[in-house]
Amino acid sequence: PVATLAIFQSIDVHPTLYMLVFGESVLNDAVSIVMCDSVINFDDSTSTAWAITLGVGSFFVKFTVSSLVGVIFALALAIILKYVHLNKVPSLEFCTVGLFAYGPYFLADGLNYSGIMAILASGIVMSHYAHFNLSPVTQITVQQNLQDIRLLGGVNGL
């Protein structure tokens, strides 16, 4: 996916196509991590059918709980931004966004679930609900900081 995304960027494809390929690759990575964790916890002392059932159940539990952790953090941030009026102090508003952006990862990982899946779900929900509750100054600050982080990480986006 990295090579494909680099080619897409160099030939200037439509942003929607870029986002779809990027999103699909991120979701595949998150699902692979959850599935790998389920396989690592595989107990070979049980029967094959029961072990497969436990593995599939473990996968869905980890996937669901991790996603719920992310969604809960994102919705909590959206509610806080809407009703607490942090826009009067943009630096406090920005720090709150940062804490709620990384919080799902640490909580899910600390509970032995997938932090990557939690942060993916959180990012999706935040982009739909929390982002529009930010003040215009903080929206620009968040976007600029994310672009800086992408540049430092070597990931060039559209």
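Predicted model, so just to flag it, every value in this text is computed and none were measured.

Cut-offs used in this document
- Residues numbered from 1 in each chain as written.
- Predicted model: local features only at pLDDT ≥ 70, side-chain atom pairs only at ≥ 80, totals over all residues.
- Heavy atoms only, no water.
- Helix = DSSP H or I, 4+ residues; strand = E, 2+ residues; numbered from the N terminus.
- Expected span 1.5 Å × (residues − 1).
- Buried < 20%, exposed > 50% of the residue type's maximum accessible area, 1.4 Å probe, protein only.
- Contact = heavy atoms within 4.5 Å.
- Core = buried A, V, L, I, M, F, W, Y, C linked by side-chain atoms within 4.5 Å.
- Phe/Tyr/Trp six-rings, centres within 6.5 Å; stacked < 30°, edge-to-face > 60°.

Focus: helix H5 (residues 115-130)
- For H5, which comprises 16 residues, the first-to-last C-alpha distance of 20 Å sits more than 12% below the rise-based estimate of 22 Å (1.5 Å per residue).
- Those residues of H5 that fall on the buried side of the exposure criterion are Gly-115, Met-117, Ala-118, Leu-120, Ala-121, Ser-122, Val-125, Met-126 and Ala-130.
- The inward-facing, buried residues of H5 abut helix H2 (15-40), helix H3 (48-83) and helix H4 (90-110).

Some words on the nonpolar core
- Counting residues in each nonpolar core, the largest one holds 12 residues, listed as Ala-74, Leu-77, Ala-78, Leu-81, Leu-86, Val-97, Phe-100, Val-125, Met-126, Ala-130, Leu-134 and Val-142.
- Setting aside chain neighbours within four positions, we find Val-97 in contact with Leu-77, Leu-81, Leu-134 and Val-142.
- Core analysis: the second largest hydrophobic core is formed by 5 residues, Ala-30, Val-34, Phe-59 and Met-117 among them.

Digging into the packing of aromatic side chains
- The full count for this structure, using the stated rule, is 4 aromatic pairs.
- Summarising the aromatic geometry, the rings of Phe-59 and Phe-60 are spaced 5.2 Å apart at their centres and angled 75 degrees between planes, so their arrangement reads as edge-to-face.
- Using a relative accessible area of 48% as the deciding quantity, one classes Phe-60 as partly exposed.
- Taking the centre distance of 5.6 Å and the plane angle of 80 degrees together, the rings of Tyr-105 and Phe-106 count as edge-to-face.

Structural notes on the environment of Val-69
- Residue position: Val-69 is located in helix H3.
- According to the relative accessible area criterion, Val-69 is buried, its value standing at 10%.
- Along the primary structure Val-69 and Pro-104 are separated by 35 residues, whereas in three dimensions their C-alpha atoms are 5.9 Å apart.
- Apart from residues lying up to four places away in sequence, Val-69 is in contact with Pro-104, Leu-107, Ala-108 and Ala-118.

Any functional reading would require information that these geometric values do not contain.
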